[in-house]
Amino acid sequence: SDSDSESGSDSSLSDSELQEAFARGDLKPGLNVVLEERPKRRNDTDGLKQCLAEFRQQLAWVERLDVTLGPVVDPVSQSASNTDAVDPENDFQREMSFYRQAQAAVLEALPRLHKLQIPTRRPDDYFAEMAKSDQQMQKIRQKLKSKQEAMERSEKAKQLRAMRKYGKKVQTEILQRRQKEKKNMLNAVKRYQKGLSDKLDFLDDEQTSSQGNKKGSASQRTKKGPNAKRRYKNQKFGFGGKKKGSKWNTKESFNDVSGFQAKVAHNKGPGKARKGGKKALNKRPGKRARQKMKNRAR
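Residues numbered from 1 in each chain as written. Predicted model: local features only at pLDDT ≥ 70, side-chain atom pairs only at ≥ 80, totals over all residues. Heavy atoms only, no water.

Of the regular secondary structure elements, the chain holds 12 helices and two strands. Ordered by position in the sequence, the α and β elements of the chain form the string α-α-α-α-β-β-α-α-α-α-α-α-α-α. Taking all 298 residues of the chain together, the buried fraction comes to 9%. Residue pairs at least 24 apart in sequence account for 48% of intrachain contacts in the chain once pairs closer than 6 positions are excluded. Split by element, the accessible area of the chain, about 28600 Å² in all, is 52% carbon and sulfur. (Helix = DSSP H or I, 4+ residues; strand = E, 2+ residues; numbered from the N terminus. Buried < 20%, exposed > 50% of the residue type's maximum accessible area, 1.4 Å probe, protein only. Contact = heavy atoms within 4.5 Å. Areas by Shrake-Rupley, 256 points an atom, 1.4 Å probe, with all protein chains shown as cover.)

Our focus in this paragraph is the pattern of salt bridges. According to the stated counting rule, one finds two salt bridges in the structure shown. Among the salt bridges present, the one from D66 reaches R64, with a minimum N-O distance of 2.8 Å. (Salt bridge = Lys/Arg side-chain N within 4 Å of Asp/Glu carboxyl O.)

Moving on, we get to empty space enclosed by the protein. Per the counting criterion, the structure on display carries one cavity of 30 Å³ or more. The calculated volume of the largest cavity comes to roughly 30 Å³. Forming the boundary of the largest cavity are Q193, K194, G195, N227, K229, R230 and K233. The element best represented in the lining of the largest cavity is helix α9 (residues 228–237), accounting for three residues. The residue makeup of the lining of the largest cavity, split by class, is no nonpolar, three polar and four charged. (1 Å grid on protein atoms, 1.4 Å probe; cavity = no way out; pocket = protein on both sides within 12 Å on 5 of 7 lines; lining within 4 Å. Points joined across faces, edges and corners; volume = space filled by probe spheres on them. Nonpolar A, V, L, I, M, F, W, Y, C, P; charged D, E, K, R; others polar.)

With that settled, the discussion passes to the packing of aromatic side chains. Tallied over the entire structure, the rule returns zero aromatic pairs. Against the face of W61 rests R112, its NZ or CZ located 3.9 Å from the ring centre. (Phe/Tyr/Trp six-rings, centres within 6.5 Å; stacked < 30°, edge-to-face > 60°. Lys NZ or Arg CZ within 6 Å of the ring centre and 35° of its normal.)

Written out as structure tokens, the structure reads:
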């Protein structure tokens, strides 16, 4: 227990030292160990100077490159800034003091280096080995390239979706316009068949697209009245009213023989003969004649 208590107070002692202390009687029994007073610290200036002189090496300045200067003169205030005046909590003032002190060191060290004919600028053909190997940089390039290609593919897909959406919209508008043009053309055909219009501009492809336009040629704008088919029907069937007996002869029409032509009457004229000649050749024989022809064939 005595050795345990002493080892707890001074763990740096080895077992042999503990045994010797126990033999001398320095170790006392009990849990509470009375410690001796610690030696007072002292400032051994001579010893410190001796140690400093031992590890100090008298080297040339070019080997040390140490420069100890204050901040450079402030060009605005034309005075060197005092370090005590710099507020350590102000980041801008603190960084500016470091910057001016570095400037002063550069202005002091560069002329001394030039005087010693030591170059201060890197040559143009200087080759510096990179921190990473070429294989690692190649992997990084491949990764960046793949990421850029993925972004380009994504952007291209987005553009294709937008173009497809716009194409569907345009296609829908084209189909609607075609359906409207078809409907207008059918309505125009029906109006033409019914005789309500004599315009044939709906047959023209160029004018079909501009069916809703009211512009037309001068003849179409000035031409009025029914078309030829309606005029023929009107002439043939009349305009309503009594139809029965409308073609009966009257005394005046019976006595009017101004339009009679003897050469073409009763299919005796040359023109009628030609027309009737073809019909006469194709005329079917009568029943009695057909019966005689069958008997002769037997």
